[in-house]
Amino acid sequence: MLFTSLHFILLFLVSTALYFALPNRLRWPMLLAVSCYFYMSFIKAYILILLFTIITDFFAAQLIDRSTGIRRKWALMISLGANLGILFVFKYYNFFAALAEPVASVFGFQVHYLAIALPLGLSFQTLQAMGYCIEVFHRRAPVERNFMTFAQYVLFYPQLVAGPIERPQQLMPQIGKDYAFNADKVSAGLRLMLWGFFKKLVIADRLAPIVDSVFDYPDMAKGPAVAAAAMLFSVQIFCDFSGYTDIARGCAKILGIDLVLNFRQPYLAKSVSEFWRRWHLSLSTWLRDYVYIPLGGNRKGKGRQWLNLLAVMLLSGLWHGAGLNFLVWGGLHAVFMIIAAAMDKRAPANYTGPVPDLLNTFFTFLLVSFAWIFFRAANLQTAMQLVQSLPSGWNAGGITDVLNIMSAGKWAFVLLHLGFLAGSGFMAEKNSSFPAMALKLDPKFRIAAYYAFILAIFFFGQYSDRSFIYFQF
């Protein structure tokens, strides 16, 4: 059930109406049932996997809370083992089996593969559940005694499939509260949802066929087309993922729940390190707090710091996908950050100002776009083929190939919306994004702006049941 489907819209409207109509003691069980129904609309049997991890983590946290010494650590290991074990079986077993197959064949062993689908959002749910038990272990969050509250923490349907990854201190206290209908919160939530639908349907899904036409046919691609597709994919994946997050945060806000901010204009970053302080914040902070800092962070010298950074970014790549291309994607980001850190002390201290800042932002965008080639490509072989084609075709014929991807009208449409998106990014940097700006408008103009966005979504939206990109993770 996609956020952009009529099925979801009807579910959201009916469940939200019931949410405010029911007394609080029935409201949250109803919402938990809706969350289960939402998840089961994909593959029904996979709800049993979530139920297993919820039960395991709930009781493991109880054991952690009342235990000391080695028993406390073993209780944490139970939680981590259950979550990582399920993640390995469904997401990584076939990947490592393929890597082991050449070695196994030498010794006469046959490698068997699993014909199973990856449960939607498994990586997100795993990190959120493990984060809860880790926080309880370090006594930074209280243990939750109510099983229904903890189940809702894991299953909350707006952020169930693709986050943001919530910390227990942020989300858990909001579950179970008796929220009165708040017109301001409903209005703010609807604005967020409208902005999310616009980014997904009007920008991301209209860019998708253009990007696909290059990445799905690497044999025909030349340098200009690959460069254009990589940069357009940068925009596509941002609008797709941040659009999902805006819809999720908007749904939750209407219900009285505030989810964490997941994006802060990442393509305005002046370095790759800053990009990761703006992109997918709930993941980058999770990796920082639970992997980078425990490994030693930046406390044990530059060499160890860079090694820790490389390990974290490789893990980030592997988290996104079980493929060598994702490992290369994560490794590239680590290399970019390490080189920038090594060169930082050699940069002139007065090398600041609007022009250098703009150049740094553009150069960072190019580096990130180059790395996205490995993320978007079907596999490492395809990614390398596309990268190798980058130097070719920089002539009139190559430029014509790019223009042939789209008609002049589509180019005009894309450029118009890219300009609008860039402008909204700069405004958001000044705390004046579309949802915020709408409040400053005269009521008549505000309503006109809402209608304009709705009409744009209705007439220019691409309705093709295209899933959100991050659903595959």
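Chemist: Outline the packing of aromatic side chains, listing residues and values.
Modeler: Under the definition given, this model contains 57 aromatic pairs. Aromatic pair Phe233 and Phe375: ring centres 6.4 Å apart, planes at 40 degrees, arrangement tilted. With Phe233 in helix 9 (residues 223-254) and Phe375 in helix 14 (residues 354-376), the pair connects residues that are 142 residues apart, well separated along the chain. Across this residue pair, the class does not change: Phe233 and Phe375 are buried. Judged by centre distance (6.4 Å) and plane angle (65 degrees), the rings of Phe241 and Trp279 are edge-to-face. Placement of Phe241 in helix 9 and of Trp279 in the loop between helix 10 (272-276) and helix 11 (281-292) is noted, with a sequence separation of 38 residues between them. Each member of the pair Phe241 and Trp279 is classed as buried. In this structure, Arg27 is placed above the aromatic ring of Tyr19, and the distance from its NZ or CZ to the ring centre is 4.5 Å. Stacked on the ring of Phe137, the Lys or Arg Arg72 has its end atom at 5.1 Å from the ring centre.

Chemist: Quick rundown of a nonpolar patch on the surface? Include the residues and the values.
Modeler: Together, Ile447, Tyr451, Ile454, Leu455, Phe458, Phe459, Phe460 and Tyr463 give the surface a local cluster of nonpolar side chains, amounting to about 900 Å² of exposed area. Note that Phe459 resides in helix 19 (residues 443-460). What makes Phe459 exposed here is its relative accessible area of 55%.

Chemist: Talk me through the side chain of Asn325; I want residue IDs and the actual numbers.
Modeler: Turning to its location among the elements, Asn325 is positioned in helix 13 (residues 324-344). With a relative accessible area of 3%, Asn325 lands in the buried category. From its side chain, Asn325 meets the backbone oxygen of Phe374 in a polar contact 2.9 Å long. There is a polar contact of 3.1 Å between the side chain of Asn325 and the backbone oxygen of Ala377. Ignoring any residue separated from it by four or fewer positions in sequence, one finds Asn325 in contact with Phe374, Phe375, Ala377, Ala378, Asn379 and Leu380.

The rules behind the values
Residues numbered from 1 in each chain as written. Predicted model: local features only at pLDDT ≥ 70, side-chain atom pairs only at ≥ 80, totals over all residues. Heavy atoms only, no water. Phe/Tyr/Trp six-rings, centres within 6.5 Å; stacked < 30°, edge-to-face > 60°. Helix = DSSP H or I, 4+ residues; strand = E, 2+ residues; numbered from the N terminus. Buried < 20%, exposed > 50% of the residue type's maximum accessible area, 1.4 Å probe, protein only. Lys NZ or Arg CZ within 6 Å of the ring centre and 35° of its normal. Patch = residues over 30% accessible without salt bridge, like charges linked within 9 Å, V, L, I, M, F, W, Y side chains within 5 Å. Areas by Shrake-Rupley, 256 points an atom, 1.4 Å probe, with all protein chains shown as cover. Salt bridge = Lys/Arg side-chain N within 4 Å of Asp/Glu carboxyl O. Polar contact = N/O pair within 3.5 Å; in protein donor to acceptor, adjacent residues only side chain to side chain. Contact = heavy atoms within 4.5 Å.

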